[in-house]
Amino acid sequence: MGRRPPRAAYPAPSGEFLMDRRSFFAAAPAVVAAGALPASSLAATAALNGKLINIVDDAGADPTGATDSTAKIQAAIDSVGGAGVVIAPPGTYTCSSTLTISNSNVAIVGHSRGSVFFKFPEGVSGFMVAPGTNNVEIRHLQIVSVGAKKTANTAGVYAVAPALNGGIGYLNLTDLDINGFDKGVDIRYAQLSSVDGCHLWANNIGYYSKRCVNMRLSSTISERNNLWAAFVDGDANYVNFSAGTLIKDCTLVSCGGSLTVETGTLQVAHNEYTSVIGCMIDVPRPNTQWHVLFTDCSRGCITGNWVGAAKSPRGGISLVNSHEFSISGNNVLTSENSGYGIGIENGRYNSIVSNIMKQNDGIDIIVFGTSSRGNTIGNNVCLSTVNANSIGETAAFKTIATGNSVVKGVLLNTTGGSIAANNLVVT
């Protein structure tokens, strides 16, 4: 049978026969032999073919990369209207300008990310998803910036709207390889969207989102990015409009490396309900300021992660002006340069439970700042041996530390309402 999308996604109109691709092209050999269909014929091909367009066979894009295919690929994207699939066969496609997806219900699908290359010049973003679109998918492609790389304000996939009202919804980016841009993925004012199984590398920031709601970053590798592996950004004046990001089963490694600007592995700022679960967060570059940083956030969880080999005094996991978090079941190991394992700075009502801490140059768990209050530290295993104490606070913050196993000690200001009880010092 000819290729066509699943009927469940794109059903044929009732009572009509959906012609397969071979039958259609057999009926129009002269048009196909011309190499590329004009825009009107592309639309007709899409309609007859269940809105399925091949950018080489139907639109005439050059799979060798020798000539500029921008106009032909853009015509193919436009031709599928409000519901269709654009197929990119194996090959290299040279594009001189950004490709824009301006219709909802459109998928751009490659054969595999290792065999389909879209190359863009310096200063040009790859794919732009227009405001107001919904149900857009981009899958199985490699998107590369060539020439001088990491030009400011470029992205491999750029999906930016001016506000949540009329923003972007249900955007799905799957199995993409993106490198050489300022941001690998840049999504702003979007809802209910996902980035799954992607490889984001050698950008300034691998994944960036701002003012988004109910998002997912999963099973993605973000590595060798100059500033951050992932940065979930919000707005200082509208924290509740930046909410609900799930970061799950990701590998975030070898990012950062500057002391002149703020860099690290993962930063979440001005957000609610953000969770980081089951991730490998390891080995930032030397001179990186942060490893995992939450700033001005509330009500989330950091659970079941490996957080290893931080290379700055800030250490492994840092909560700054952040409240009501559950930090549990993490392995936080080998923070260098006097770095602490977990630090709560001006944080309130956070729960630090059942983590394993080892080989941190600084204290394993510390509460400091001026306004920390009511944090609970329980049932952690704190095995670092460099610092004089395993768990501590710098003032009377009403911290409760109970049931921890430590190799040093627990130093809390108990006269100020803090409680250190039933902690076991082991040798």
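Residues numbered from 1 in each chain as written. Predicted model: local features only at pLDDT ≥ 70, side-chain atom pairs only at ≥ 80, totals over all residues. Heavy atoms only, no water.

**What about the overall build of the chain?**
Okay, so step 1: On a plain count of helices and strands, the chain comes out with 4 helices and 42 strands.
Okay, so step 2: Taking all 427 residues of the chain together, 53% fall into the buried category.
Okay, so step 3: Within the chain, contacts between residues separated by at least 24 positions form 66% of all contacts whose residues are at least 6 apart in sequence.
Okay, so step 4: Of the roughly 16300 Å² of accessible surface on the chain, 55% is carried by carbon and sulfur atoms. (Helix = DSSP H or I, 4+ residues; strand = E, 2+ residues; numbered from the N terminus. Buried < 20%, exposed > 50% of the residue type's maximum accessible area, 1.4 Å probe, protein only. Contact = heavy atoms within 4.5 Å. Areas by Shrake-Rupley, 256 points an atom, 1.4 Å probe, with all protein chains shown as cover.)

**Notes on the state of the cysteines**
Okay, so step 1: A complete count under the given rule lists 0 disulfides for this structure.
Okay, so step 2: The thiol sulfur of Cys279 is not disulfide-bonded, and the nearest other cysteine sulfur, from Cys250, lies at 4.7 Å.
Okay, so step 3: By relative accessible area, which is 3% here, Cys279 ends up buried. (Disulfide = S-S within 2.5 Å.)

**Notes on the pairing of strand 4 (residues 91–94)**
Okay, so step 1: Burial of strand 4 is one-sided: the residues Gly91 and Tyr93 facing one way are buried, the residues Thr92 and Thr94 facing the other way are not.
Okay, so step 2: Across 2 bridges, strand 2 (residues 64–68) lies against strand 4 in parallel orientation. Within strand 4, the position partnered with Asp68 by the bridge is Thr94.
Okay, so step 3: Sheet topology note: the strand 4/strand 7 (residues 116–120) ladder contains 4 bridges and is parallel. Residue pairing for strand 7: Tyr93 is matched across the bridge by Phe118. (Pairing = 2+ DSSP bridges.)

**Notes on the confidence of the model for the chain**
Okay, so step 1: Chain-level pLDDT for the chain is 89 on average; 89% of the residues reach the 70-or-more range.
Okay, so step 2: In this model residues 1–34 is a low-confidence stretch, pLDDT under 50, and it forms 37 contacts with partners more than four residues away in sequence or in other chains. (pLDDT = per-residue confidence, 0-100.)

**Topic: the pattern of salt bridges**
Okay, so step 1: A complete count under the given rule lists 12 salt bridges for this structure.
Okay, so step 2: Notably, a salt bridge pairs Lys248 with Asp249, separated by 3.0 Å at the nearest N-O pair.
Okay, so step 3: What makes Asp249 partly exposed here is its relative accessible area of 38%.
Okay, so step 4: Arg314 is the salt-bridge partner of Glu345, the closest N and O atoms lying 3.2 Å from each other. (Salt bridge = Lys/Arg side-chain N within 4 Å of Asp/Glu carboxyl O.)

**What to know about unusual backbone geometry**
Okay, so step 1: Phi is positive for Tyr170, which is not a glycine, with a value near 55 degrees.
Okay, so step 2: Counting through the fold element by element, Tyr170 comes out in the loop between strand 11 (168–169) and strand 12 (172–179).
Okay, so step 3: Residues other than glycine seldom take positive phi values, yet Asp249 does so here, at roughly 55 degrees.
Okay, so step 4: As for its position among the elements, Asp249 is in the loop between strand 20 (243–248) and strand 21 (251–253).

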